[in-house]
Amino acid sequence: MSSVKQFQVTFDCAEPERVARFWCEVLGYVAPPPPEGFATWDDFDRSLPPERQGASFVCMDPSGVGPRMYFQRVPEEKVVKNRVHLCVRAGTGLVGEERLATLEAECARLVALGAVRVRLLRADGVNESCMVMQDIEGNEFCLD
C-alpha cells in the first residue's frame, strides 16, 4: 500500500475567485497559469458554458510545498461551524507577550483583507494563545 504524497484542500463557497484571492493574500499563494491556449483565466472562464463560468478557482503555494487549494461554488450557504479548518501558523515558536504581539499584528493584516476576528484564546498552561477568525465568507480558521 502506498502512502499519500499530496493533498488538496477544497472550500465550498459562493464566490470561488473572491475567496481564493483572499487566501492567496493570507498564505502568499498564487493562481496557477491559465490552461494552454488561454492568455488569462478570464479568457478561459468565458470559454465555458454559462453555468460553469465562475464555478471554481484554484490557488497554490508558489514553492510547491503547501497543498493546492480548490474553491468551488455551491448553492447552499454556510450554516454551521466547520468540521475542518485551517490554522495559519503566524506565531510558531513564540510564547507570551511576543506571541500575542505577533498574532495581533497578523490579525490586523488579515482584518484589512476582510477577515473577521472572533475571539482570542489566551494561553492556558497547556496551549499557547491563538485567535479564532473567519474568512470573507464566514469559514472559521485559527491564527496561531
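Going along each chain's sequence as written, the residues are numbered from 1 onward. Per-residue local features are limited, in this predicted model, to residues with pLDDT of at least 70; the limit for side-chain atom pairs, both in listing and counting, is 80 or more; totals at the level of whole chains, interfaces and linings are taken over all residues. Each side-chain value is derived from all of the structure's non-hydrogen atoms; neither hydrogens nor water enter the calculation.

Re the side chain of Ser 129
For clarity, the cut-off: Starting at the N terminus, helices and strands are each numbered in turn, a helix being any DSSP run of H or I of at least four residues and a strand any DSSP run of E of at least two. Any pair of residues with heavy atoms lying within 4.5 Å of one another is described as a contacting pair.
One can find Ser 129 in the loop between β5 (116–121) and β6 (130–134). Not counting residues within four places of it along the chain, the set of residues in contact with Ser 129 comprises Arg 99, Leu 100, Leu 103, Leu 121, Arg 122 and Ala 123.

What about the pairing of strand β7 (residues 140–143)?
Defined as follows: Only protein chains enter the accessibility calculation, which uses a 1.4 Å probe; a residue whose area is less than 20% of its type maximum is buried, one above 50% is exposed, and one in between is partly exposed. When DSSP finds at least two bridges between two strands, those strands are taken to pair.
Burial along β7 is two-sided: Glu 140 and Cys 142 and Phe 141 and Leu 143, pointing in opposite directions, are all buried. Examined bridge by bridge, strand β4 (residues 86–88) and β7 share 3 bridges and lie parallel to one another. What sits directly across from Leu 86, in β7, is Phe 141. Across 4 bridges, the pairing between β6 and β7 is antiparallel. Of the residues in β7, the one forming a bridge with Gln 134 is Glu 140.

Observations regarding the confidence of the model for the protein
Note the cut-off: A score between 0 and 100, pLDDT records how confident the predictor is in each residue.
Averaged over every residue, the pLDDT of the protein is 93; residues scoring 70 or more account for 97%. Across the protein, β5 holds the top mean pLDDT of 97, while strand β1 (residues 8–13) sits lowest at 93.

Some remarks on the nonpolar core
The cut-off we apply is this: Buried Ala, Val, Leu, Ile, Met, Phe, Trp, Tyr and Cys residues form a nonpolar core when they are joined through side-chain atoms within 4.5 Å.
Counting 24 residues, the largest nonpolar core has Trp 23, Met 69, Phe 71, Leu 110, Met 133, Phe 141 and Leu 143 as the members making the most contacts within it. Of all the elements in the fold, those that place two or more residues in this core are β1, α1 (16–27), β2 (56–59), β3 (68–73), α3 (96–112), β6 and β7. Ignoring anything within four residues of it in the chain, the contact list for Leu 143 reads Val 88, Ala 90, Leu 103, Glu 106, Cys 107, Leu 110, Cys 130, Met 131 and Met 133.

Thoughts on the sheet that holds β2
Stated precisely, the cut-off is as follows: Helix axes use the C-alpha atoms of the stretch in contact, all axes being lines fitted to C-alpha atoms, and the angles between their N-to-C directions lie in the range 0 to 180 degrees.
Sheet architecture is open: 3 strands sit in the order β1-β3-β2, paired in mixed fashion. Looking at strand neighbours, the two that pair on one side only are β1 and β2, the edges of this open sheet. Neighbour-to-neighbour, the strand axes of this sheet turn through a mean angle of 15°, independent of strand direction. Along the sheet, α1 makes contact with β1, β2 and β3, crossing β3 at roughly 155°.

Topic: the layout of surface pockets
A probe as big as a water molecule, rolled over the atoms, marks out the empty space that is left. Keep this limit in mind: For cavity detection a 1 Å grid was placed over the protein atoms alone, and a set of points counts as a cavity when a 1.4 Å probe fits there but cannot get out; an open set counts as a pocket when protein lies on both sides within 12 Å along at least five of seven lines, with lining residues being those that have an atom within 4 Å of a point. Grid points are joined across faces, edges and corners, and a volume is the space filled by probe spheres set on the points. Side-chain classes are defined by residue name, with Ala, Val, Leu, Ile, Met, Phe, Trp, Tyr, Cys and Pro counting as nonpolar, Asp, Glu, Lys and Arg as charged, and the others, Gly among them, as polar.
A volume near 490 Å³ is recorded for the largest pocket. Along its surface, the largest pocket is lined by 21 residues, and Phe 11, Asp 12, Lys 78, Asn 82 and Asn 139 are the ones closest to its centre. Secondary-structure elements contributing two or more residues to the lining of the largest pocket are β1 and β7. Taken together, the residues that form the lining of the largest pocket break down as 11 nonpolar, 4 polar and 6 charged. Empty space within the second largest pocket amounts to approximately 280 Å³. The wall of the second largest pocket is formed by 14 residues, among which Trp 41, Phe 44, Asp 45, Ser 56 and Phe 57 lie closest to the centre. When residues in the lining of the second largest pocket are grouped by element, the largest group, 4 residues, is from helix α2 (residues 41–46). Taken together, the residues that form the lining of the second largest pocket break down as 7 nonpolar, 2 polar and 5 charged.

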